[in-house]
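Coordinate inspection notes
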Amino acid sequence: MPDRRHILLVDDEDSFRMHLARLFMRKGYDVTDVRTGEEALKAVSEDYFDVVLLDIVLPDIDGVEVLRRIRSENPNLQVIMMTGNATVQNAIASMKLGAYDYLTKPFDLEELSILIERACEISALRREHQLMRRELDRHLQFTEFIARDDKTLAVLKLVDKVAPTDSTVLITGETGTGKELIARAIHEKSPRRGKPWIVINCSAIPEALLESEMFGYEKGAFTGAIKDKSGLIEMANTGTLFLDEVGDLPPSLQIKLLRVLETGEYRPVGSTRTLRANVRIIAATNRDLRRLMREGKFREDLYYRLNVIHIHVPPLRERPKDIPVLVDYFMKKTCARVGKCVRKIEPKALQRLYHYHWPGNVRELENVIERAIILATGDTISIADLPLDLWQYQEQAVSVDENDKSLAAVEKEHILRILRETGGNKAQAARILGITKKTLYAKLRKYGMFAPEESG
Ligand SMILES: Nc1ncnc2c1ncn2[C@@H]1O[C@H](COP(=O)(O)OP(=O)(O)OP(=O)(O)O)[C@@H](O)[C@H]1O
Ligand SMILES: [Mg+2]
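For clarity, every value in this text was computed on a predicted model and none was experimentally measured.

Taken together, 19 residues lie near ligand 1, and Ile-146, Thr-175, Gly-176, Lys-179 and Arg-363 sit nearest. Take Thr-177: an N or O atom from its main chain is 3.3 Å from an oxygen atom of ligand 1. Summarising the interface, the protein chains cover 88% of the accessible area of ligand 1, which totals 630 Å² for the free molecule. Its atoms largely coinciding with the cavity grid, ligand 1 occupies the largest pocket. Mapped onto the shell around ligand 1, the elements with two or more residues apiece are helix H7 (179-188), helix H13 (322-338) and helix H15 (361-375). For the shell around ligand 1, a count of residues per class yields seven nonpolar, five polar and seven charged. When residues of the shell around ligand 1 are assigned to domains, at least three map to each of domain 2 (162-314) and domain 3 (317-390).

With that settled, the discussion passes to helix H16 (residues 407-421). Counted at 1.5 Å a residue, the expected span for H16 with its 15 residues is 21 Å, and the 21 Å between its end C-alpha atoms agrees. Listing the buried residues of H16 in full gives Ala-409, Lys-412, Ile-415, Leu-416, Ile-418 and Leu-419. Buried-residue contacts for H16 involve helix H17 (426-433) and helix H18 (437-446).

In space, the five strands of this open sheet follow the order E7-E10-E13-E6-E14, with parallel pairing throughout. Pairing within the sheet leaves two strands with one partner each, and these edge strands are strand E7 (197-201) and strand E14 (309-312). Averaged over all adjacent pairs, the angle separating strand axes in this sheet is 20 degrees, with direction ignored. Packing against the sheet, helix H6 (residues 150-162) makes contact with strand E6 (169-172), strand E13 (280-285) and E14, and its axis sits at approximately 155 degrees to E14.

Let us look at the domain arrangement of the protein. What the domain assignment lists for the protein is domain 1 (6-138), domain 2 (162-314), domain 3 (317-390) and domain 4 (398-456). With centres defined by C-alpha atoms, the gap from domain 1 to domain 3 works out at 55 Å.

Another point: the packing of aromatic side chains. The way to describe two aromatic rings as a pair is by their centre distance and the angle between their planes. Considering all chains together, one arrives at seven aromatic pairs under this definition. Ring centres of Tyr-303 and Tyr-304 lie 5.1 Å apart, and the angle between their planes is 75 degrees; this geometry places the pair in the edge-to-face category. The class of Tyr-303 is buried, set by a relative accessible area of 6%. Residue Tyr-304 is classed as partly exposed on the basis of its relative accessible area, which comes to 46%.

Here we take up the pairing of strand E4 (residues 78-83). For a regular strand, the rule is simple: side chains alternate between the two faces of the sheet. Of all six residues that make up E4, six are buried, and the element is covered over most of its length. Burial along E4 is two-sided: Gln-78, Ile-80 and Met-82 facing one way and Val-79, Met-81 and Thr-83 facing the other are all buried. Direction of pairing for strand E3 (residues 51-55) relative to E4: parallel, over a ladder of five bridges. Counterpart to Val-52 in the pairing with E4 is Val-79. In the classification by handedness, the crossover that spans E3, the intervening helix H3 (residues 63-73) and the parallel E4 is right-handed. Here E4 pairs with strand E5 (residues 101-104) via four bridges, running parallel.

Once that is clear, we can look at the sheet that holds strand E2 (residues 30-34). Strand order in this open sheet of five strands is E2-E1-E3-E4-E5, and the pairing throughout is parallel. Each edge of the sheet is formed by a strand with only one pairing partner; in this case those strands are E2 and E5. With direction set aside, neighbouring strand axes in the sheet form an average angle of 20 degrees. Bridging between strand E1 (residues 6-10) and E2 involves five bridges; their strand directions are parallel. What sits directly across from Leu-8, in E2, is Thr-32. Strand contacts of helix H1 (residues 14-26): E1, E2, E3 and E4, with the helix running at about 170 degrees to E2, the strand carrying the most contacts.

Before going further, it helps to spend a moment on the layout of surface pockets. Over the atoms, a rolled probe matching the size of one water molecule traces out where space is still vacant. Of the pockets and cavities examined, the largest pocket occupies roughly 540 Å³. Taken together, 26 residues form the lining of the largest pocket, with Gly-178, Lys-179, Glu-180, Leu-181 and Arg-363 sitting closest to its centre. At the level of secondary structure, the elements contributing two or more residues to the lining of the largest pocket comprise H7, H13 and H15. Considered class by class, the residues forming the lining of the largest pocket number nine nonpolar, seven polar and 10 charged. Inspection of the lining of the largest pocket shows a minimum of three residues originating in each of domain 2 (162-314) and domain 3 (317-390).

Another point: unusual backbone geometry. With the exception of glycine, the majority of residues adopt a negative phi angle, and the majority of peptide bonds are in the trans configuration. In this structure, the amide linkage connecting Lys-105 to the following residue, Pro-106, adopts the cis form with an omega of -10 degrees. Within the fold, Pro-106 resides in the loop between E5 and helix H5 (109-141). Positive phi, close to 55 degrees, is recorded for Asn-361, a residue that is not glycine.

Before going further, it helps to examine the pattern of salt bridges. Per the stated rule, a full pass over the model turns up 28 salt bridges. The partner of Arg-276 in a salt bridge is Glu-265, and the shortest N-O contact between them spans 3.6 Å. Of the two residues, Arg-276 is situated in strand E12 (residues 275-276) and Glu-265 in strand E11 (residues 265-266); the sequence distance between them amounts to 11 residues. A salt bridge links Asp-328 to Lys-332; the nearest nitrogen and oxygen atoms lie 3.0 Å apart. With Asp-328 and Lys-332 both in helix H13, this residue pair falls four residues apart, about one helical turn.

So, how was this worked out
- Residues numbered from 1 in each chain as written.
- Chains lettered and ligands numbered in written order.
- Predicted model: local features only at pLDDT ≥ 70, side-chain atom pairs only at ≥ 80, totals over all residues.
- Heavy atoms only, no water.
- Near = heavy atom within 4 Å.
- Polar contact = N/O pair within 3.5 Å; in protein donor to acceptor, adjacent residues only side chain to side chain.
- Areas by Shrake-Rupley, 256 points an atom, 1.4 Å probe, with all protein chains shown as cover.
- 1 Å grid on protein atoms, 1.4 Å probe; cavity = no way out; pocket = protein on both sides within 12 Å on 5 of 7 lines; lining within 4 Å.
- Sits in = over half its atoms within 2 Å of the grid points.
- Helix = DSSP H or I, 4+ residues; strand = E, 2+ residues; numbered from the N terminus.
- Nonpolar A, V, L, I, M, F, W, Y, C, P; charged D, E, K, R; others polar.
- Domains from an automatic or database assignment.
- Expected span 1.5 Å × (residues − 1).
- Buried < 20%, exposed > 50% of the residue type's maximum accessible area, 1.4 Å probe, protein only.
- Contact = heavy atoms within 4.5 Å.
- Pairing = 2+ DSSP bridges.
- Axes fitted to C-alpha atoms, helices over the stretch in contact; angles between N-to-C directions.
- Phe/Tyr/Trp six-rings, centres within 6.5 Å; stacked < 30°, edge-to-face > 60°.
- Right-handed = clockwise from strand over helix to strand, strands pointing away.
- Points joined across faces, edges and corners; volume = space filled by probe spheres on them.
- Salt bridge = Lys/Arg side-chain N within 4 Å of Asp/Glu carboxyl O.

Next up, the structure:
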């Protein structure tokens, strides 16, 4: 059903204004009528209108000035000007300020009806256009989850499967792996898309505030609660609530969240009313919830409630095939943003990215690319544009067993130490070790340490 058109009539001549109001109400419009410019400005700031029919001569503010203010606040609102003493200047001024049209009293009511109808159509079209724009912007803001490796493609398959349902999802993975992006993808692919997407970061908000942020509070619940405030759960109504860093949720709130998951009910702080939540809950954490559970820091019942569907986002080092596509994606993205045209990356530099262990995962990769693009001279990222840690050998990735006293273990440890000392320079390391580079590579491979064949 198309919504009713709403007209605002502004004229201080009572009988004339009433007459018009009745006429348009009979034609099926909603009509609000006011006498002064101030009243008109107040009306448009408080209500939605399609068209304003505005007299140029008003008792308080000049009609042309009212038009100017309306247009600056509501550029989509169509305004038709009326005047008894038409002067060309008034007409020109109004049209310049964006009036839809201009009528000279006395005017033909049929002509006015047609004008109003057309202005309403324009107003509706503009509104529709604006809605579409907003929808589009929302889409553009939401980053696509880039995937090429089988491991991540499997994650996306799971996303497609769980998205249409309302089940609770627990997303785990190291920092920077893309957990939030996955959560958002589930929302965008679910029937709740277009509805609220609300994020609560459980570790960023102090415990004392978190409860009232989540559940809202009632007036008088504590000092400073001067009126009721709805919580994020209520704001997420009909949409999705993303509980980030859920492992940091304090115990007092864990039980309240459990109740929401079990019964859909909760109570604002200081309230005796029970409210119902219509939200889909997605939670994420980079902490080991099982361990927190064993340590008594995370409720077991809550864990099982959250863990209905579990999606694990693997660390970047376990899905190296994603690296080249991510590099390409971040290069394009950063270039567009910083306005610098760096299109290529040296094979050697890409290889270095490919074999690095990425403790900060995709977020770190994004930062490395951004930095490299800023540093790059010309249109190619070279190995010198990469940060130094990437040059150094992957100490964390390769560990040496302290108790292993075999010759091999000692050799491995020694090679690692020399590599560290040379800053990962294998030619130099080989010279110090008194072996050829080829032998060094063979040994690195033997000990499970990354060893790309390189030409320099
Ligand atoms: N597959 C991907 N495609 C494109 N961008 C990605 C991808 N994965 C991660 N990113 C980007 O990396 C950054 C980190 O991702 P996100 O915030 O989703 O990670 P997270 O797992 O929630 O991290 P944390 O545990 O630190 O909160 C974001 O800028 C995100 O857009
Ligand atoms: Mg996150």
